[in-house]
Amino acid sequence: MPDDPMLLLSYVNTELRDFYPDFRSFCEDKGVSERELCEKLRGINYEYDKNLNRFV
């Protein structure tokens, strides 16, 4: 998974769009912490929107 927050954002949103019904499923499958990933993306002013199933 990319370390750069902008690349991470693109990667996560693409994965959510193409393969996962929700963020929790993505995190479980990839073995990453929901909290840590959210914090990293919050650092660039993005929050997960469950209705859109993406970070906005």
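Heads up: these notes are all about the structure in this document. (Residues numbered from 1 in each chain as written. Predicted model: local features only at pLDDT ≥ 70, side-chain atom pairs only at ≥ 80, totals over all residues. Heavy atoms only, no water.)

**Points about the pattern of salt bridges**
Under the defined criterion, the tally for this structure stands at 6 salt bridges. Notably, a salt bridge pairs Glu-39 with Arg-35, separated by 3.1 Å at the nearest N-O pair. Of this pair, Glu-39 and Arg-35 both sit in helix 3 (residues 34–42), 4 residues apart, which is roughly one turn of the helix. Linked by salt bridges that have partners in common, Arg-35, Glu-36 and Glu-39 make up one network. (Salt bridge = Lys/Arg side-chain N within 4 Å of Asp/Glu carboxyl O. Helix = DSSP H or I, 4+ residues; strand = E, 2+ residues; numbered from the N terminus.)

**Some remarks on the packing of helix 2 (residues 23–30) against helix 3**
At a closest axis distance of 10 Å, the pairing of helix 2 and helix 3 adopts a crossing angle of 110°. On the basis of their axis angle, the class for helix 2 and helix 3 is roughly perpendicular. From helix 2, Phe-23, Arg-24, Phe-26 and Cys-27 reach across to helix 3, where they touch Glu-34, Leu-37 and Cys-38. Among the residues forming the contact of helix 2 with helix 3, the class breakdown is 5 nonpolar, no polar and 2 charged. (Axes fitted to C-alpha atoms, helices over the stretch in contact; angles between N-to-C directions. Parallel < 35°, antiparallel > 145°, perpendicular 65-115°, else oblique. Contact = heavy atoms within 4.5 Å. Nonpolar A, V, L, I, M, F, W, Y, C, P; charged D, E, K, R; others polar.)

**So, the packing of aromatic side chains**
Following the criterion strictly, the structure yields 6 aromatic pairs and no others. With centroids separated by 6.3 Å and ring planes inclined at 65°, the aromatic side chains of Tyr-11 and Phe-26 adopt a geometry described as edge-to-face. Residue Tyr-11 is found in helix 1 (residues 5–19), and its partner Phe-26 is found in helix 2; the two are separated by 15 residues along the sequence. Looking at Phe-26, the relative accessible area reads 0%, which means it is buried. Here the aromatic rings of Tyr-20 and Phe-26 are separated by 5.4 Å at their centres, their planes lie at 85°, and the arrangement is edge-to-face. Side by side, Tyr-20 and Phe-26 carry an identical accessibility label, which is buried. (Phe/Tyr/Trp six-rings, centres within 6.5 Å; stacked < 30°, edge-to-face > 60°. Buried < 20%, exposed > 50% of the residue type's maximum accessible area, 1.4 Å probe, protein only.)

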